[in-house]
Amino acid sequence: MDENQSSNRLISGMNFIILPVIFCILILAISAALVYPYANEFAEMSKTYFTDRDIDIPSDCYDIFVPADGDSEEPEVKSVMDSKPQEQRTIPLSSISYPYYGQRLGELIVEDCQIYASLYFGDGNNELNNGVGMYTGGYIPGYGKTVMIAGHNNTDFNGFKYAKKGQKVIIRTYYGTYTYEITDIQVKTSTDSSAYDFSLNYENLIMYTCYPFDELNLTPYRCFVYAKFVSGPVIDKND
Amino acid sequence: MSDSGKKFNIKSLIYGFLSFMLGFVLFLLSICLVLRLTFFSQDFMLDSMANTGYYEMVKDELCDKLKNLGHASGLPDEFFDDFVDDIDIVEVERNYVSAFYTDVSTLVDTDTFKQELMDAINVYIDEKNIDKEKAKEENLGYFIDEASSIYVKSVTVSFFSILANYINKLDSPLRMTEIGLGAAALIIAAIIFFTNRYVHRRYRYLTYGLGGGFLSVIVIPIVVFASGIIPKVNLTTRSLYNLFVGYFNSMFMYFWIFSAILLFLAVLCFFVYRTKYLKAIGD
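Reading the values: rules and limits
All residue numbers here refer to positions counted from 1 along the written sequence of the relevant chain. Whichever chain is written first is A, and whichever ligand is written first is 1; the rest continue in order. Two thresholds apply to this predicted model, a pLDDT of at least 70 for residue-level local features and 80 or more for giving and counting side-chain atom pairs, whereas whole-chain, interface and lining totals are computed over all residues. For the side-chain quantities, the full set of heavy atoms in the structure was used; hydrogens and water were omitted. The way it works is that DSSP assigns letters per residue, a run of H or I at least four long becomes a helix, a run of E at least two long becomes a strand, and they are numbered from the N terminus. Here the expected span of a helix is defined as 1.5 Å times the quantity of residues minus one. The classification of residues rests on relative accessible area computed with a 1.4 Å probe and restricted to protein chains. Under 20% of the type maximum is buried, over 50% is exposed, and intermediate values are partly exposed. Along the arc lie the directions from the helix axis toward the C-beta atoms. Throughout, a contact is declared for two residues whenever any of their heavy atoms are within 4.5 Å. Summed over both partners, the accessible area lost on bringing two parts together, with a 1.4 Å probe, is the buried area. Salt bridge criterion: a side-chain nitrogen from Lys or Arg within 4 Å of a carboxyl oxygen from Asp or Glu. For the purposes of these results, a polar contact is taken to be a pair of N or O atoms within 3.5 Å, where, inside protein, one atom must be able to donate a hydrogen and its partner to accept one; residues adjacent in sequence count only when each atom of the pair is a side-chain atom. Note on ring pairs: Phe, Tyr and Trp rings are taken, using the six-membered ring of Trp, and paired if centres are within 6.5 Å. Classes follow the plane angle, with under 30 degrees stacked, over 60 edge-to-face and the rest tilted. In this scheme, Lys NZ or Arg CZ marks a charge over a ring once it lies within 6 Å of the ring centre and within 35 degrees of the ring normal. Note: pLDDT gives the predictor's confidence per residue, expressed from 0 to 100. Pairing between strands requires that DSSP locate at least two bridges from one strand to the other.

Peer 1: Provide a residue-level description of helix 6 (residues 111–128) of chain B, including the pertinent values.
Peer 2: All names here are of chain B. Here helix 6 is 18 residues long and its end C-alpha atoms lie 26 Å apart, about the 26 Å a rise of 1.5 Å per residue gives. Every buried residue belonging to helix 6 is among Phe113, Leu117, Ile121, Tyr124 and Ile125, and all of these are buried. Each buried residue of helix 6 lies within a common arc of 100° when the element is viewed along its axis, so the set occupies one face. Residues of helix 6 that are exposed and point more than 90 degrees away from the buried face comprise Asp111, Asp126 and Glu127. Structurally, helix 6 contributes buried residues whose contacts are with helix 3 (54–71), helix 4 (77–85) and helix 7 (137–155). Of the residues trailing helix 6, Asn129 is marked for its positive phi of about 55°.

Peer 1: So, the interface of chain A and chain B: which residues are in play, and what are the values?
Peer 2: Listed by partner, the interface residues are 48 residues for chain A and 56 residues for chain B. The junction of chain A with chain B conceals about 4400 Å² of combined surface from both sides, 64% of it contributed by carbon and sulfur atoms. Between chain A and chain B we count zero salt bridges in total. Counting across the chain A and chain B interface gives three residue pairs in polar contact (both at pLDDT 80 or more).

Peer 1: Describe the packing of aromatic side chains, listing the residues and the values that go with them.
Peer 2: Inspection of every chain in the model, using the stated rule, returns 41 aromatic pairs over all chains. Note on Phe20(B) and Phe24(B): the rings are 6.0 Å apart at their centroids and 50° apart in plane angle, and the pair reads as tilted. Taken as a pair, Phe20(B) and Phe24(B) lie in helix 1 (residues 3–37) at a separation of four residues, close to a single helical turn. There is no split in this pair, since Phe20(B) and Phe24(B) are both buried. Taken together, Phe16(A), Tyr15(B), Tyr205(B), Tyr208(B), Phe270(B), Phe271(B), Tyr273(B) and Tyr277(B) form an aromatic cluster joined through their ring pairs. One Lys or Arg, Arg202(B), reaches over the ring of Phe193(B) and ends 5.0 Å from the middle of that ring. A cation sits over an aromatic face here: Arg204(B) above Tyr205(B), 5.1 Å from the ring centre.

Peer 1: Describe in detail the confidence of the model for chain B, supporting the description with residues and values.
Peer 2: Residues and elements named next belong to chain B. Scored by pLDDT, chain B comes out at a mean of 87, with 95% of its residues at no less than 70. Per-element confidence in chain B is highest for helix 9 (residues 199–227), whose mean pLDDT is 93, and lowest for helix 4, whose mean pLDDT is 83. For this predicted complex, the interface confidence comes out at an ipTM of 0.80, alongside a pTM of 0.75.

Peer 1: Help me get a handle on the side chain of Thr173(A), residues and values and all.
Peer 2: Mapped onto the elements of the fold, Thr173(A) is located in strand 6 (residues 168–173). Polar side-chain contacts of Thr173(A) include one of 2.8 Å to the backbone oxygen of Gly176(A).

Peer 1: Can you break down the pairing of strand 8 (residues 204–211) of chain A residue by residue, with the values?
Peer 2: Residue and element names in this part refer to chain A. With respect to burial, strand 8 is a largely interior element, seven of its eight residues being buried. In the sheet, strand 5 (residues 146–150) pairs with strand 8 via five bridges, with the strands oriented parallel. Of the residues in strand 8, the one forming a bridge with Ala150 is Tyr208.

In structure tokens, the structure reads:
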């Protein structure tokens, strides 16, 4: 009898753990069944808003698309002296590590206009604050298509107020040195899409900046400087 | 099985079901109350903004973006240091958030910003003796519109307008749901309490329901924190990221609090049950 009583007490005591656990499972199962159609949709949508990696935004970085100071690597840029016989050579595409957004690609030099600027891949604020930026929707030098570079008119591209046809433009990158020659200078509005053509199948360079020069405040006009390819290693796209 | 035994089992099943319903109702009520105290609370949003340093970061970000605009406009960085310091971001943000919760116009007022910027530029032109030909009114207007657009983007909170729409629409239904669930919890507890002949059994069934409610509520923050999903949100700026993480961490803190309350009540009922049970055996 005593054994039965103690056994009943034990079962009764276990109920204080087992029943709440069963209730919890049932409550969550019912809740999950009720919200499943919406939760499934939400879970799919949330994949857009959540990443599977840890996010660590440095304290000196306000925008995740803009690397903090010192984050960007400085690739080794071949000097003009190093590039003597390579202008006419072909380099396989596979041998080039394609630049990433914000990477320093090299230098842009227009001696006649006193322009000596660092060249970055990407034309966001960070790139234009540090030099001139290559539009990522265009092509890199040597690819045989349109290369487009932007710069501020009060800093790096201020010298374009002295631009004239026939002046040489040198782009030194980590895979080779390219020379172009200015062929035309035009002023157009910032929304004029006829100012550029990315479907051209020959190497050409477009550099642009705000216009007029030395103006205070923003202007809706842009000065486009067009240049033709003269020399530099050609990227073999078939490789 | 004897008739009294069958009767006892049916009664146990009914009270077991009532305990389960009590746990379920308490679980739903806890969720509704957490939403009321967080998602639907203007003060909670403003506290989160203050606690995560949102105002300071927005100010820095705005300054940074305006400086970038200045680089394209011939204005030095120092110009914007002085200018942004004069903008009361805290007041602008508070008005912006309040507008959503009070269902009035949520458009950010840019008139003051534009006027202050124009005044600051005119002072700068005079101070630096800049040729008026180099600061044409057309370009000034273009610049101020761009700066104003940056200002609006900086002070607005992404997705908040979408969420606030739900907040306004669901406020009344949520209130009715809270009242309904609160009443249901009281009615179920009253049925358990007043229809049981033995006092210790009243507390036993209440303990089951409160225990079930406690476990269900505590599972939510455990799952969320264990998954580590909150810090993995993709947001473009540090201010928004910190606000989001701080906001949801605080929100789930309320789940801990509600589960602690339910646990406390469950333990209390259990001890009352034990006392009454031992007394009943003794009698």
